[in-house]
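# Residue-level structural notes
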Protein chains: 2
Amino acid sequence: MNEFKVLEIKQSVFEDNDKQANLLREELKKDKTFLLNLMSSPGSGKTTTVLKTIKALENEMKIGVLEADIDSDVDARAVAKTNAKVIQLHTGGMCHLDADMTRQGLEGLKIDGIDFVILENVGNLVCPAEFDTGASKNIMILSVPEGDDKPLKYPLMFSIVDVLLINKIDAMEYFDFDLKAVEERAKKINPNIKIIPISAKTGEGMDKWFEWVRNEVKNWNQI
Amino acid sequence: MNEFKVLEIKQSVFEDNDKQANLLREELKKDKTFLLNLMSSPGSGKTTTVLKTIKALENEMKIGVLEADIDSDVDARAVAKTNAKVIQLHTGGMCHLDADMTRQGLEGLKIDGIDFVILENVGNLVCPAEFDTGASKNIMILSVPEGDDKPLKYPLMFSIVDVLLINKIDAMEYFDFDLKAVEERAKKINPNIKIIPISAKTGEGMDKWFEWVRNEVKNWNQI
């Protein structure tokens, strides 16, 4: 296992988060670093998806991971077993990251020469949707066992993401989950949302996801 | 379907939530109303558990339900099909309820003569754990697909609940979920926690849960 740092994040002093987020995004663009903000409920498969994504792409690009959590380091430990550079961010009870907190994490990671950074946000469908982190793209995972009514209950989250990964499709037969209904509900809120059904566990659909990441990183970094 | 009211909750004006929570708890004790605060991630099966609990106990006691959500009324619609009285609480973006917000909900429900009120809190493992709602008892549902590492990641939530329902045990074979590890991790944080594995879907283990509720309501209401 690689060593990893644990950073206790300070509450932001900036009133205008949107301004800070745009500033950070511009800097990352100049630095040729694509920042992906990954959000979901607890237990929907964020860390497994991160691990599989690193494995698929680590030979093509230099990858870093910011693991945000209230106060554990379980996820950073898992990622530290890969070749990606990882830092654990402790939010001290806060259930989101804003742009300044993300900046603290990136500085802690020491980002020079990193092409692709995954920010695994705090497991939550509410607060993280309310704060622009400065990410290049926002991604949400909804897992099949969580149910197909989630776009109705968390419309803000569905409205701000570029990609919706529907995870644990291997368990579809076990749950009453209407994939078509989710797609319709999500697209009603966000017509441009890209929906990719996956199983991070079995690998089903993951190639489509890796291809999306590969293209976005290339476009952002103008390779 | 019964009619139900939708109440837009106002942000609390009280600085000392603990004091408000204790006040509310004392009033509920005098009114012989047992208030259960039910918390979990989105999609862990709160509403299904509520529906099954109402069905099992509605002939023995008068039941009311407070359905808290950011801004949908999906859950209240489901509960309105039962004989229980239900009100939908909209938190206006806030991911928790505090004691004053709970009081607003109870007043909206018009609580006279109700023995047992279930507060279905906002789906979240962080914020709801930080605010005492004034409930008689606090319950958390962890569902099998969410994973067995949750006590490590959300210790505050596990530390404040009286009962941990481990739901969706019918799907156990589909997921890498170590029930014994969860029990050990939860008890390390909270030695007095009562753990009941259930499947709200198939009914497995539910009798034990109903029995717990029945006894608690009786003891609280001094029947």
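Residues numbered from 1 in each chain as written. Chains lettered and ligands numbered in written order. Predicted model: local features only at pLDDT ≥ 70, side-chain atom pairs only at ≥ 80, totals over all residues. Heavy atoms only, no water.

Here we take up the overall build of chain A. In terms of helices and strands, chain A carries eight helices and eight strands. On C-alpha atoms alone, chain A measures out to a radius of gyration of 16 Å, which is about the 17 Å that the 2.2 N^0.38 rule sets for 223 residues. C-alpha atoms of chain A, sized along the principal axes, occupy 45 × 40 × 35 Å. Going through the 223 residues of chain A one by one, you find that 61% of them count as buried. Of the contacts made within chain A by residues no fewer than 6 positions apart, 76% connect residues no fewer than 24 positions apart. Within the structure as shown, chain A displays about 9,400 Å² of accessible surface, and the carbon and sulfur contribution to it stands at 47%. The positive charge centre, built from 29 side chains, and the negative charge centre, built from 37, are 3 Å apart in chain A. (Helix = DSSP H or I, 4+ residues; strand = E, 2+ residues; numbered from the N terminus. Rg over C-alpha atoms; globule rule 2.2 N^0.38 Å. Buried < 20%, exposed > 50% of the residue type's maximum accessible area, 1.4 Å probe, protein only. Contact = heavy atoms within 4.5 Å. Areas by Shrake-Rupley, 256 points an atom, 1.4 Å probe, with all protein chains shown as cover. Lys, Arg positive; Asp, Glu negative; His and termini not counted. Charge placed at Lys NZ, Arg CZ, Asp CG, Glu CD.)

Every contact between the two is made by 32 residues of chain B and, on the other side, 32 residues of chain A. Each partner contributes to the roughly 2,600 Å² buried at the junction of chain B and chain A, and carbon and sulfur atoms together form 55% of this total. The largest per-residue losses of area from chain B upon contact with chain A belong to Pro42(B), Lys153(B) and Tyr174(B), which jointly make up 25% of the total buried on that side. Taken together, the connections running from chain B to chain A amount to two salt bridges. (Buried area = accessible area lost by both parts, 1.4 Å probe. Salt bridge = Lys/Arg side-chain N within 4 Å of Asp/Glu carboxyl O.)

Evaluated as defined, the whole model comprises eight aromatic pairs over all chains. Each ring, one from Phe34(A) and one from Trp220(A), has its centre 6.1 Å from the other, and the planes form 75°; the classification is edge-to-face. Placement of Phe34(A) in strand 2 (residues 34-40) and of Trp220(A) in helix 8 (residues 206-221) is noted, with a sequence separation of 186 residues between them. Judged by relative accessible area, which is 14%, Trp220(A) ranks as buried. Both rings, one in Tyr174(A) and one in Tyr174(B), keep their centres 4.2 Å apart while their planes meet at 35°; by these two values the pair is tilted. Of this pair, Tyr174(A) sits in the loop between strand 7 (163-167) and helix 7 (179-189) while Tyr174(B) is found in the loop between strand 7 (163-167) and helix 7 (179-189), placing the two residues in two different chains. Through a chain of ring-to-ring contacts, three or more aromatic side chains come together here, namely Phe34(A), Phe116(A) and Trp220(A). Note that Lys201(A) overlies the ring of Phe175(B), its terminal NZ or CZ placed 5.8 Å from the centroid. (Phe/Tyr/Trp six-rings, centres within 6.5 Å; stacked < 30°, edge-to-face > 60°. Lys NZ or Arg CZ within 6 Å of the ring centre and 35° of its normal.)

Simply put, disulfide is the name for a covalent bond between the sulfur atoms of two cysteines. Residue and element names in this part refer to chain A. A full pass over the atoms with the stated rule returns two disulfides over all chains. Two residues, Cys 95 and Cys 127, share a disulfide whose sulfurs are 2.2 Å apart. With the S-S bond torsion at -80°, the cross-link from Cys 95 to Cys 127 turns out left-handed. One end of the pair, Cys 95, is in the loop between strand 4 (85-90) and helix 4 (99-109); the other, Cys 127, is in the loop between strand 5 (116-120) and strand 6 (137-143), and 32 residues separate them in sequence. Owing to a relative accessible area of 8%, Cys 95 belongs among the buried residues under this scheme. (Disulfide = S-S within 2.5 Å.)

Time to look at helix 1 (residues 17-30) of chain B. Residue and element names in this part refer to chain B. The terminal C-alpha atoms of helix 1, which comprises 14 residues, lie 20 Å apart, in line with the 20 Å expected from a rise of 1.5 Å per residue. Three or more residues of helix 1 are buried, namely Asn 17, Gln 20, Ala 21, Leu 24, Arg 25 and Leu 28. Down the axis of helix 1, the smallest arc covering the buried residues is 135°, so these residues share one side. When the buried face of helix 1 is taken as reference, the exposed residues oriented beyond 90 degrees from it are Lys 19, Glu 26 and Lys 30. Against the buried residues of helix 1 lie strand 2 (34-40), helix 4 (99-109) and helix 8 (206-221). (Expected span 1.5 Å × (residues − 1). Arc of directions from axis to C-beta.)

What follows concerns the sheet that holds strand 2 of chain A. One key point about sheets: their strands pair by backbone hydrogen bonds, in either a parallel or an antiparallel sense. Residues and elements named next belong to chain A. Read across the open sheet, the eight strands follow the order 1-4-3-5-2-6-7-8; overall the sheet is parallel. For this open sheet the edge positions go to strand 1 (5-8) and strand 8 (194-197), each flanked by a neighbour on one side alone. Each strand of the sheet is rotated relative to its neighbour by a mean of 20°, with strand direction disregarded. Relative to strand 5, strand 3 (residues 63-69) runs parallel, the two sharing five bridges. Paired with Ile 63 across the two strands is Phe 116, which belongs to strand 5. Sheet strands in contact with helix 2 (residues 46-57) are strand 2, strand 3, strand 5, strand 6 and strand 7, and its direction is about 170° off that of strand 5. (Pairing = 2+ DSSP bridges. Axes fitted to C-alpha atoms, helices over the stretch in contact; angles between N-to-C directions.)

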